[in-house]
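Structural features, examined
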Amino acid sequence: MLGGMQDFKLRVMHMLDHAANEHGDREIVTYWADGSETRTNWAGISRDARRLAKALTDMGLKKGDRVATLGMNHSRHLVSWYGAIGMGGVIHTINPRLFEDQLVYIANHAEDQVLLYDAAFQPIIDKLKDQWTSIKHYICYDPPEGSDAQGFEDLLDRYDDDFAWVDGDEREPCMLCYTSGTTGNPKGVLYEHRSTTIHAMAEIQPAIFDLSTTSVALPVVPMFHAAAWGLPFAGALAGLKFVYAAVNDPAVLTMLMNREKVTHSAGVPTVWLAMFQHMDASGEAPEYLKVVTIGGSAAPRAMIERIMKMGARVNHAWGMTETSPIGTMGSPSPDWGDLSFDEQVDVVVKQGRVPFGVELRVVDDEGVLQPRDGESSGRLQIRGPWVIKRYFKAEEDALTKDGWFDTGDVAVIHPDGVMQITDRAKDVIKSGGEWISSVDLENAAVGMEGVAEAAAIGMPHPKWDERPLLLIVKNEGAEVSKGDVITHLTDHVAKWWLPDEVLFVDDLPHTATGKLLKTELRERYKDFSFSGG
Ligand code: AMP
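Below is a summary of the structure that appears in this document. Just so it is clear, the model here is predicted, and its values are computed rather than measured.

Considering the overall build of the chain
- Counting its secondary structure elements, the chain contains 15 helices and 23 strands.
- Since a compact globule built from 533 residues should have a radius of gyration of about 24 Å, the 23 Å found for the chain is in line with a globular shape.
- Taking the principal axes of its C-alpha atoms as reference, the chain extends roughly 70 × 65 × 50 Å.
- Looking at the 533 residues of the chain, the share that counts as buried comes to 56%.
- Taking as baseline every contact in the chain between residues at least 6 positions apart, the subset at least 24 positions apart corresponds to 66%.

What follows is the structure, given as structure tokens:
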């Protein structure tokens, strides 16, 4: 027997319809690369998305076809997401910071038909055009004067908005994002209308992003990384105001945050390092922020403290491209009001709890379930309706025999359900049969005055199997010695975790999404030996 309710499909375009119908005049502000600004609203985004959908259909695109973008955060990029999905297509956001051979690989693997791009990325197009085998149409968001590129606005001007969103099954795909893996080719994660809608509904909850129509959000997380953490969808559902900056200049971000009274922001930790430098130099600070979400890498304690002292709540997000990407959120605990400042920070440095919809477990290397005791660490596995089952075009599911996705992260789960990442499985430092968390060592090191960035890697050791080597980038002009670092770390980590060597370096290698590239570091230091120095 079935129940008696309606067949209302969980399709992405319902979210935009909701925004346009119920919050149509809520603004979408864009600060462009050339310093100009535009304002539209959800009704305008919906109109333009219909015009783009019509244009794409006219180009011969069919249901399921992939429409790629190489763009920063702006209203035309937002229109492209909904226009491509509205015509029945799949929006494929490409990360322009990927290496060239990866850019070639993913556009060809995705069989992208159209590429919409920022003029700033024209050199990438000119260089790789001949190697992209499937792209037939190139459309530039902001063609400079005199350019012969097809302009986005010129294209839209040729179409009216008389277009009905293409309908279909809620399990059809709507978006494709590739992981920026540190080894091998990037892998595509194909989100569905259903998974995307449920994920957005979960995201706006108070314990997650805490979004509603009163929110003014400036997402710094790029639209080309992990579906911009789902915010373009969650924002429509919430009917909030978006403020987009197509440039990542902290002075511009601060100006926009204050002028537009931005209440919510989201980005990786490095965004805030740059913001702090600007704040220190200029004396300015964002004044209206209520919720700052940090994720993508572990949020350092000192960063959380500083933002909390600015009067904002810090949300510490853990997730992956494979999980749409929200997995957990480190946000206020039930006893929040009774906690001291330091105890509140203790809560937020952990990656937090799952929203309803996803489930977590920790297993050891043999797959044995570990207790939620805050001590038993092991492989973190996840399942739920917005978690990957199979990579795009893969032959097999990416799941354990009993249906969980192994994240490759190492974590503990505390008795209250709070999850804490201790490392990436391949980055833990195995010393004398015990594990040292490279993440904890790095976080402790960046908490020290004068340290800009730190990376800990395990290096072969004749007696202990591996021992930590700590690489440090100093702040400009800072005086920090190896002895200072060890003294500082002694207060923060167990004695046997202390690095056997500390080296000062000019920079550290990163992936296209700003994570430390440990594979390259291990390669760089492969000839290093503790005894030889
Ligand atoms: P990506 O798919 O590029 O977003 O990368 C996902 C990976 O980033 C996760 O598997 C984690 O290793 C790491 N990550 C994301 N958020 C956090 C966090 N809050 N703390 C520690 N690691 C994180």
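The rest of the description comes next.
Brief notes about the pairing of strand 9 (residues 216-219)
- Alternating positions in strand 9 separate into two faces, Val216 and Leu218 on one and Ala217 and Pro219 on the other, with burial throughout.
- Here strand 9 pairs with strand 11 (residues 264-267) via three bridges, running parallel. Residue pairing in the sheet places Leu218 in a bridge with Ser265 of strand 11.

Looking at the site of the ligand
- Around the ligand, a shell composed of 14 residues is seen, among which Ala317, Thr321, Gln351, Asp409 and Arg424 lie nearest.
- Side-chain polar atom of Gln351 to a nitrogen atom of the ligand: 2.9 Å apart, as the coordinates give it.
- Contacts to the ligand include Asp409, whose side-chain N or O atom sits 2.6 Å from an oxygen atom.
- Notes on the ligand: free accessible area 500 Å², of which the protein chains cover 91%.
- For the shell around the ligand, the leading source of residues is strand 13 (residues 313-319), giving four residues.

Here we look at the packing of helix 1 (residues 13-22) against helix 8 (residues 231-238)
- Taken N-terminus to C-terminus, the directions of helix 1 and helix 8 make an angle of 45°; their axes are 7 Å apart at the nearest point. If you check the angle between helix 1 and helix 8, you find them oblique. The chirality of how helix 1 crosses helix 8 is left-handed. Packed against helix 1, whose contacting residues are Met15, Leu16, His18 and Ala19, the element helix 8 presents Phe233, Ala236 and Leu237 at the interface.

Here's the deal with helix 2 (residues 42-58)
- Here helix 2 contains 17 residues, and its C-alpha end-to-end distance of 24 Å stays within 8% of the 24 Å for a straight helix at 1.5 Å per residue.
- Residues of helix 2 that are buried include every one of Trp42, Gly44, Ile45, Ser46, Asp48, Ala49, Arg50, Arg51, Leu52, Ala53, Ala55 and Leu56, and no others.
- N-cap assignment for helix 2: the residue whose side-chain oxygen lies 3.2 Å from the backbone N of Ala43 is Asn41.

Some details on the pattern of salt bridges
- Summed over all chains, the structure comprises 35 salt bridges.
- A salt bridge links Glu523 to Lys526, with the shortest nitrogen-to-oxygen separation between them at 3.2 Å.
- The network of salt bridges with shared partners includes Glu27, Glu37, Arg39, Lys241, Arg259 and Glu260.

A word on unusual backbone geometry
- Looking along the chain, the bond that leaves Ser324 and enters Pro325 is cis, with omega of 15°.
- Relative to the helices and strands, Pro325 is located in the loop between strand 13 and strand 14 (326-330).
- A positive phi angle, near 55°, is found at Ala227, a position not held by glycine.
- If you trace the backbone, Ala227 turns up in the loop between strand 9 and helix 8.
- Here Asp465, not a glycine, exhibits a phi torsion of approximately 80°, which is positive.

Things to note about the nonpolar core
- By size, the foremost hydrophobic cluster in this structure holds 109 residues, and its most contacted members are Trp42, Tyr82, Met175, Phe209, Phe233, Trp272 and Ile307.
- A per-element tally of this core places helix 2 first, with seven residues.
- Discounting residues that sit within four places of it in the chain, Phe233 has contacts with Val12, Met15, Trp81, Tyr82, Ile85, Met175, Thr196 and Ala200.
- In this structure, Ala68, Met72, Ala110 and Ala246 belong to the second largest nonpolar core, which totals 27 residues.

Considerations on the packing of aromatic side chains
- Inspection of the entire model under this criterion finds nine aromatic pairs.
- Residues Phe242 and Tyr244 carry aromatic rings whose centres are separated by 5.0 Å and whose planes lie at 25° to one another, so their mutual orientation is stacked.
- A relative accessible area of 1% means that Phe242 is categorised as buried.
- Under the relative-accessibility criterion, Tyr244 is labelled buried at 2%.
- Between Trp272 and Phe276, the aromatic rings sit 5.9 Å apart at their centres with planes inclined by 50°, giving tilted as the arrangement. Of this pair, Trp272 and Phe276 both sit in helix 10 (residues 269-282), four residues apart, roughly one helical turn.
- Overall, the relative accessible area of 9% leaves Phe276 in the buried class.
- The residue whose ring lies beneath Arg76 is Trp32, and the NZ or CZ to ring-centre distance is 4.2 Å.
- The lysine or arginine in question, Lys474, covers the ring of Phe504, its NZ or CZ lying 4.6 Å from the ring centre.

Criteria and cut-off values
Residues numbered from 1 in each chain as written. Predicted model: local features only at pLDDT ≥ 70, side-chain atom pairs only at ≥ 80, totals over all residues. Heavy atoms only, no water. Helix = DSSP H or I, 4+ residues; strand = E, 2+ residues; numbered from the N terminus. Rg over C-alpha atoms; globule rule 2.2 N^0.38 Å. Buried < 20%, exposed > 50% of the residue type's maximum accessible area, 1.4 Å probe, protein only. Contact = heavy atoms within 4.5 Å. Pairing = 2+ DSSP bridges. Near = heavy atom within 4 Å. Polar contact = N/O pair within 3.5 Å; in protein donor to acceptor, adjacent residues only side chain to side chain. Areas by Shrake-Rupley, 256 points an atom, 1.4 Å probe, with all protein chains shown as cover. Axes fitted to C-alpha atoms, helices over the stretch in contact; angles between N-to-C directions. Parallel < 35°, antiparallel > 145°, perpendicular 65-115°, else oblique. Left-handed = near helix turned anticlockwise from the far one by under 90°. Expected span 1.5 Å × (residues − 1). Salt bridge = Lys/Arg side-chain N within 4 Å of Asp/Glu carboxyl O. Core = buried A, V, L, I, M, F, W, Y, C linked by side-chain atoms within 4.5 Å. Phe/Tyr/Trp six-rings, centres within 6.5 Å; stacked < 30°, edge-to-face > 60°. Lys NZ or Arg CZ within 6 Å of the ring centre and 35° of its normal.

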